[in-house]
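Structural overview
Each chain, letter by letter, is given below.
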Amino acid sequence: MKIQKMLAGFVAAAMAVTTMAVSAFASTVTLDSEYVGSWGAGLCIPKTELEAIGSDVKVTLDIETRNLANTADQFLLAPMDYDNSWTRVTDQLTSDTMVAKADGFVVVKEGQTSVEFVIPATTIATLGDSGLGFQVQNVIVKSANLEAGSPEAAYTIIEEDAVKDYCFSALEDTAAETEAAEEETEAAVEETADEAVEETAEEVEEDAAVEETSDDAAVEEVAEETEAAVEETEAAVEETEAPAADTTTAPAATGNTAAATIAVVMVAAGAAALVSKRK
């Protein structure tokens, strides 16, 4: 009984290792060495090779563009299922880098050496036994590297009238365009940051101006109140001053004058304190 359990354990372990090996499997399939002709169909990536990966498959094609008799106006290839009436499967592929037309033909630049995409396991299952083939126009699909992959972004679609310009634009132009776009983005970010800093500075200046105006108004108000109090006090003093001969009212007048003077001093002190705080 123990031996049977041990054997069962070994089998399970072996199956796990085998599964891991399959999922990590990668291979290179040799396809065409020469151009198969205008709109021709070359060798296929066998379905068994694709299924051996055991998951979605990242396919990297090694290609060569061939400008036939120097008359070619486009470089195209269409991934398809040969066994099922040459049905194109481009719309079931994902790729961060691939460019294609709406009709399913992948568009490549003159001198481009590779095309990369991910084909899902569900699509592989629908292929005929011949596997994944390619209809080509001025392109040789030399080989295909296969490895486990995962879905990528949707590939770029360009209009028919933009194909020729795309095919014959230099590969360096693409890099330059990308660099220019990155620089433009960085410049926009810096400009936005500068505008934000300038706007913040203006708001601070406005706040300071408002505060300064408020302080000036407060000082002016206190000054006006002080002046009014002084005038009122002087008037009170004049009103309460007694004739020189009437000595009985002198003490009262002296007392009123002192109280008024204290009030004026207190108001002036308050104004002085506010001015000091303002400074």
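What comes next is a walk through the structure. On a predicted model such as this, the values are computed, not experimentally measured, just so you know.

1. What about the pattern of salt bridges?
Across all of its chains, the model carries four salt bridges by this definition. Glu64 is the partner of Lys142 in a salt bridge, and the nearest nitrogen-oxygen pair spans 4.0 Å. Of the two residues, Lys142 sits in strand β10 (residues 139–148) while Glu64 sits in strand β3 (residues 57–65), which places them 78 residues apart along the sequence. For the salt bridge of Lys101 with Asp103, the shortest nitrogen-to-oxygen distance reads 3.3 Å. The structure contains a network of salt bridges with shared partners spanning Glu64, Arg66 and Lys142.

2. Thoughts on the environment of Cys167
Tracing the backbone through its elements, the reader meets Cys167 in helix α4 (residues 163–168). Cys167 gets classed as buried once you look at its relative accessible area, which sits at 0%. Each C-alpha atom of the pair Cys167 and Val108 lies 5.8 Å from the other, and the pair is 59 residues apart in sequence. If sequence neighbours within four positions are ignored, Cys167 has contacts with Gln74, Phe75, Val107, Val108, Lys109 and Glu110.

3. Topic: unusual backbone geometry
Of note, the phi angle at Ser85 is positive, near 60°, even though the residue is not glycine. Positionally, Ser85 belongs in the loop between β4 (76–81) and β5 (87–88). Under the relative-accessibility criterion, Ser85 is labelled exposed at 69%. Even without a glycine there, the phi angle at Asn138 is positive, about 65°. Looking at the element boundaries, Asn138 is found in the loop between β9 (132–137) and β10. Using a relative accessible area of 3% as the deciding quantity, one classes Asn138 as buried.

4. Focus: the side chain of Gln74
Locating Gln74 in the fold gives a position in the loop between β3 and β4. Residues contacting Gln74, with those up to four places away along its chain left out, are Trp39, Lys101, Gln137, Asn138, Glu160, Val163, Cys167 and Phe168.

5. Section: a negative patch on the surface
Among the surface-exposed residues, Glu191, Glu195, Glu198 and Glu199 lie close enough to one another that they form a single negatively charged patch. Within the secondary structure, Glu191 sits in helix α5 (residues 171–240). Looking at Glu191, the relative accessible area reads 48%, which means it is partly exposed.

6. Examining the packing of aromatic side chains
Here the structure, examined in full by the defined rule, presents three aromatic pairs. Where Trp39 meets Phe105, the ring centres are 5.5 Å apart and the plane angle is 75°; that geometry is what we call edge-to-face. Linking Trp39 in the loop between β1 (27–30) and β2 (40–41) with Phe105 in the loop between β6 (99–100) and β7 (106–107), this pair joins segments that are 66 residues apart in sequence. Directly above the ring of Tyr166 sits Lys109, whose terminal nitrogen or CZ lies 4.1 Å from the centroid.

Parameters and conventions
Residues numbered from 1 in each chain as written. Predicted model: local features only at pLDDT ≥ 70, side-chain atom pairs only at ≥ 80, totals over all residues. Heavy atoms only, no water. Salt bridge = Lys/Arg side-chain N within 4 Å of Asp/Glu carboxyl O. Helix = DSSP H or I, 4+ residues; strand = E, 2+ residues; numbered from the N terminus. Buried < 20%, exposed > 50% of the residue type's maximum accessible area, 1.4 Å probe, protein only. Contact = heavy atoms within 4.5 Å. Patch = residues over 30% accessible without salt bridge, like charges linked within 9 Å, V, L, I, M, F, W, Y side chains within 5 Å. Areas by Shrake-Rupley, 256 points an atom, 1.4 Å probe, with all protein chains shown as cover. Lys, Arg positive; Asp, Glu negative; His and termini not counted. Charge placed at Lys NZ, Arg CZ, Asp CG, Glu CD. Phe/Tyr/Trp six-rings, centres within 6.5 Å; stacked < 30°, edge-to-face > 60°. Lys NZ or Arg CZ within 6 Å of the ring centre and 35° of its normal.

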